[in-house]
Amino acid sequence: EVQLVESGGGLVQPGGSLRLSCEASGFIFSTYSMTWARQAPGKGLEWLSHISGSGSTIYYADSVKGRFTISRDNAKNSLYLQMNSLRAEDTAVYYCARVVTMNYYFDYWGQGTLVTVSS
Amino acid sequence: IQMTQSPSSLSASVGDRVTITCRASQSISTSLNWYQQKPGKAPKLLVYAASTLPSGVPSRFSSSGSGTDFTLTISSLQPEDFATYYCQQTYNAPWTFGQGTKVEIK
């Protein structure tokens, strides 16, 4: 059974940093691209970043480019999102998801982790 | 690429036929996915590549379209279908979602 479990969310002050993790199980992690998306309270979904299975191809949304860094450790079946220079508007539930690159869709999602940026 | 869904919300009764539209700001071929999200839950994949239903998605859901205009149809709305639906383009990064369509009980 495919499982994705995010962790690392919490309360952080504006300008601060946080590192989110997503632990994967139930599939061969290194063979799948992975992605991060978020959802601000009461708002819609926003795609943030994508990383290929090898880590060689990475994309970012403009809203986080230069502040957030996606990475993965295939030996640990884990995906990461390093978030720096956090702003109040980064407050959201952050989801990781598995990407099927045949047609580029997100077939499995984690349960999400809440990040609150506030002083 | 901007994705625009209509309507933003709708009220319907169990058994109704419901149609949600999604328009892309430029042609995206068939690189269009639909997700269903219930309150407090993660999104769930409903349709990929504009018209393909993943295993386990009920056949009352259908989707069509190509280029810039797409539709998601629920042929006979069931109680478990009350949720928010999002379209998403994966033609070009940054991959973008529509703003969502909330389907509420009438």
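This text goes with the structure placed above it.
Predicted model only: the values in this text are computed from it and were never measured. (Residues numbered from 1 in each chain as written. Chains lettered and ligands numbered in written order. Predicted model: local features only at pLDDT ≥ 70, side-chain atom pairs only at ≥ 80, totals over all residues. Heavy atoms only, no water.)

Peer 1: Let's hear about the environment of Tyr91(B): which residues, and what values?
Peer 2: When you line up the elements, Tyr91(B) lands in the loop between strand S8 (84–89) and strand S9 (96–97). In this view, Tyr91(B) contacts Ile1(B), Ser27(B), Ile28(B), Ser29(B) and Ser31(B); residues no more than four positions away in its chain are not counted. (Helix = DSSP H or I, 4+ residues; strand = E, 2+ residues; numbered from the N terminus. Contact = heavy atoms within 4.5 Å.)

Peer 1: Provide a residue-level description of the pairing of strand S10 (residues 105–109) of chain A, including the pertinent values.
Peer 2: All names here are of chain A. Burial runs high along S10: four of the five residues are buried. Where strand S9 (residues 92–100) meets S10, four bridges bridge the pair, whose relative direction is antiparallel. Bridge pairing in S10 places Ala97 opposite Trp109. (Buried < 20%, exposed > 50% of the residue type's maximum accessible area, 1.4 Å probe, protein only. Pairing = 2+ DSSP bridges.)

Peer 1: Give a description of the nonpolar core that names residues and reports values.
Peer 2: All names here are of chain A. In terms of nonpolar packing, the biggest core is built from 26 residues, with Met34, Trp36, Leu79, Leu81, Met83 and Tyr94 touching the most fellow members. Taken together, the elements giving at least two residues each to this core come down to strand S3 (18–25), strand S4 (33–39), strand S5 (45–51), strand S7 (68–73), strand S8 (78–83), S9 and strand S11 (113–117). For this core, the element with the most residues is S3, which contributes four residues. Residues in contact with Met83, not counting those within four places in the same chain, are Gly16, Ser17, Leu18, Leu20, Arg67, Phe68, Tyr94 and Val115. (Core = buried A, V, L, I, M, F, W, Y, C linked by side-chain atoms within 4.5 Å.)

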